[in-house]
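Topology and contacts: notes
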Amino acid sequence: MSPGGFAIVGPTASGKTGRAVALARAIGGEIISADSRQVYRGMDIGTGKDLEVYGNVPYHLIDICPAGYRYNLYEYVRDYTDVHADLVKRNVPEVLCGGTGMYVETVLNGISLPPVPRDDTLRASLAGKSLGELTDMLKCYKTLRNNSDIDTVARATRALEIALYYHNHPAEQELTRPHPRHYITVIGVDVDRETRRSRITTRLRTRLDEGLIDEVRTLLATGVAAEDLIYYGLEYKFVTLHVIGQMSFDEMFKRLETAIHQFAKRQMTWWRGMERRGHHINWLSSTLSDDEFVAAALDYRKSNPT
C-alpha cells in the first residue's frame, strides 16, 4: 500500500522546488525529481538544481547521468518505479516535483514502458525518409500530443520503432495503458503572467552572473560535444552557440530569454491539457508563504483521501 504523496507542478520560475521541499519536510517525505535535464551531472546552473534548497530533505533522480547522455522517458519510468518501490517499502510519502509534463503525467497515469529492442531491419527500411514522412507514419499508430518528442528524424524513427513493437506485441502494449495513481494529490503553483516573465528575466541574469557561461565551457572542455549540449535546449543550446562563436552575448540573451518565456507557455499548455485529460490540479497562488502553501496542500489531501 502506497503511503500517498503529492505532485508539485507549474511553469518554470514559479518556485516549485522550494514549495516541494517545504511540503516534504512537513510530511516527512522525500522528493522525486520530474525534470528531464536535472538528471545530468555537471549541468547545475542551467537546470536550476538549487541543491542547497533541499537541506536535509532527501531527493532522487538528480545527477544520475553524465552530461552528454540522452536520457529518455523509458529510463525515467524505470528509475521512478525503483525509487517509488523503495519509498513504499520504507513507508515514506513521495513529493514528485518538476516541470517536465510528460514525466509527471506518465507517473500519474501509472503507465509502464516495457523495453523495446532496436529493430535494424525497420531502421534500414526507414532510412532516407523525411521527418514529415515519419510523423505521418507514426500518426497511424498513436495520437501525437507532444511534437517535441519527435522533432528530429532519429527521435521519430525511434518513436515509430516503439509504436510498431507494441502494435505487434499487444500483451506488452496493455502495460502501457493508464492505471492512475489516485494516491498522488496534484498541487499547481499558480503565478501570474507578468510575475512569471519578470522572474524568468531576473533568474536568467542571475544564472549568467553565477557562471552559466563558464559551466558550459567546462562541459565542452571535459569532452561533452557541442551538439549534445545544443540538444538539451534552452540555456545549454544558446549559451553553447555563444561560446563556440556563433552568437553574440546580446543575441544569446535576447533569444534565450524569449525561448524560456515560450517554454513556460508550453508548460502551462501541458498542465491545462492534463486537466482536460482527467487530472485534477489544485492550484495555489505563488504569493502564499511556505506555511500557507503546506497547510492548503494538506487540506486538499484531507478532502481527497486515498
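As the structure is a computational prediction, the values presented were derived from the model and not from experiment.

The rules behind the values
Residues numbered from 1 in each chain as written. Predicted model: local features only at pLDDT ≥ 70, side-chain atom pairs only at ≥ 80, totals over all residues. Heavy atoms only, no water. Helix = DSSP H or I, 4+ residues; strand = E, 2+ residues; numbered from the N terminus. Rg over C-alpha atoms; globule rule 2.2 N^0.38 Å. Buried < 20%, exposed > 50% of the residue type's maximum accessible area, 1.4 Å probe, protein only. Contact = heavy atoms within 4.5 Å. Salt bridge = Lys/Arg side-chain N within 4 Å of Asp/Glu carboxyl O. Pairing = 2+ DSSP bridges. Axes fitted to C-alpha atoms, helices over the stretch in contact; angles between N-to-C directions. Lys, Arg positive; Asp, Glu negative; His and termini not counted. Phe/Tyr/Trp six-rings, centres within 6.5 Å; stacked < 30°, edge-to-face > 60°. Lys NZ or Arg CZ within 6 Å of the ring centre and 35° of its normal. Core = buried A, V, L, I, M, F, W, Y, C linked by side-chain atoms within 4.5 Å. Expected span 1.5 Å × (residues − 1). Polar contact = N/O pair within 3.5 Å; in protein donor to acceptor, adjacent residues only side chain to side chain. 1 Å grid on protein atoms, 1.4 Å probe; cavity = no way out; pocket = protein on both sides within 12 Å on 5 of 7 lines; lining within 4 Å. Points joined across faces, edges and corners; volume = space filled by probe spheres on them. Nonpolar A, V, L, I, M, F, W, Y, C, P; charged D, E, K, R; others polar.

Here we take up the overall build of the chain. For the chain, the count of helices and strands is 13 helices and eight strands. Here the chain has a C-alpha radius of gyration of 20 Å; the compact-globule value for 306 residues is 19 Å, and the two agree. Projecting the C-alpha coordinates of the chain onto the three principal axes gives extents of approximately 55 × 55 × 35 Å. Expressed as a percentage of the 306 residues in the chain, the buried residues total 50%. Within the chain, contacts between residues at least 6 apart in sequence are counted, and of these 74% link residues at least 24 apart.

Turning to helix α3 (residues 101-109), a few remarks are in order. Most of α3 sits inside the fold, with nine of its nine residues counted as buried. Buried residues of α3: G101, M102, Y103, V104, E105, T106, V107, L108 and N109, and no others. Against the buried residues of α3 lie β1 (5-9), α2 (73-89), β6 (94-97), β7 (184-190) and α12 (249-276). Looking one or two residues beyond α3, the residue adopting positive phi is G110, at roughly 65°.

Overall, the coordinates contain 18 salt bridges when judged by the stated rule. Among the ionic pairs, R90 bridges to E30, the shortest N-O distance being 3.0 Å. Of this pair, R90 sits in the loop between α2 and β6 while E30 sits in strand β2 (residues 30-33), and the two are 60 residues apart along the sequence. Since its relative accessible area comes to 39%, R90 is described here as partly exposed.

Before going further, it helps to examine the sheet that holds β6. Judged by pairing direction, the sheet is parallel, and its six strands sit side by side in the order β4-β2-β6-β1-β7-β8 without closing on themselves. A strand with exactly one partner marks an edge of an open sheet, and here the two such strands are β4 (59-60) and β8 (282-285). Bridge count for β2 against β6 is four bridges, and the pairing is parallel. Bridge pairing links I32 to L96 in β6. Across the face of the sheet, α2 comes into contact with β2, β4, β6 and β7 while running at roughly 170° to β2. Against the sheet, helix α13 (residues 290-303) contacts β1, β7 and β8, and its axis sits at roughly 145° relative to β7.

Another point: the side chain of E215. Within the secondary structure layout, E215 lies in helix α9 (residues 212-221). For E215, which is buried and forms no salt bridge, the nearest opposite charge comes from K49, at a distance of 7.2 Å. Non-local contacts of E215, meaning those with residues more than four positions away in its chain, are made with G42, M43, D44, I45, G46 and Y236.

Inspection of every chain in the model, using the stated rule, returns six aromatic pairs. Taken together through their ring pairs, the aromatic side chains of Y40, Y231 and Y232 make up a single cluster. The residue whose ring lies beneath R272 is W283, and the NZ or CZ to ring-centre distance is 4.8 Å. Taking the ring centre of F6 as reference, the NZ or CZ of R301 above it sits at 5.2 Å.

Glancing now at unusual backbone geometry. Phi is positive for A13, close to 70°, though the residue is something other than glycine. You can see A13 is positioned in the loop between β1 and α1 (16-27). Taking the relative accessible area as the measure of exposure, A13 reaches 13% and is therefore buried. Positive phi, close to 45°, is recorded for D50, a residue that is not glycine.

Time to look at the nonpolar core. Across soluble globular proteins, nonpolar side chains show a tendency to be buried alongside one another. Grouped together as the largest cluster of nonpolar side chains are 55 residues, with contacts concentrated most on Y76, Y80, L96 and W271. Every element with two or more residues in this core is listed here: β1, α2, α3, β7, α8 (193-209), α9, α11 (234-243) and α12. Apart from residues lying up to four places away in sequence, Y80 is in contact with I32, L61, E94, L96, V107, R181, Y183 and I184. Grouped together as the second largest cluster of nonpolar side chains are 20 residues, F6, I62, C97 and F293 included.

Taking 1.5 Å of rise per residue, 12 residues should cover 16 Å, and α1 covers 17 Å from first to last C-alpha, within 8% of that figure. Residues of α1 that are buried include every one of K16, T17, R19, A20, V21, A22, L23 and A24, and no others. Phi for G28, located one or two positions after α1, is positive at around 70°.

Turning our eyes to something else, we now look at the side chain of T176. Positionally, T176 belongs in the loop between α7 (170-175) and β7. Of the polar contacts made by the side chain of T176, one reaches the backbone oxygen of Q173; its length is 2.5 Å. Ignoring sequence-local partners within four residues, the contact set of T176 consists of I111, S112, L113, P114 and Y166.

Moving on to the layout of surface pockets. In this approach, a probe sized like a water molecule rolls over the atoms, and the result shows the empty space that is left. Approximately 290 Å³ is the volume found for the second largest pocket. Every residue lining the second largest pocket is counted, 14 residues in all, and those nearest its centre are R181, H182, I184, V186 and H280. It is β7 that contributes the most residues to the lining of the second largest pocket, three residues altogether. Counted by class, the lining of the second largest pocket contains four nonpolar, seven polar and three charged residues.

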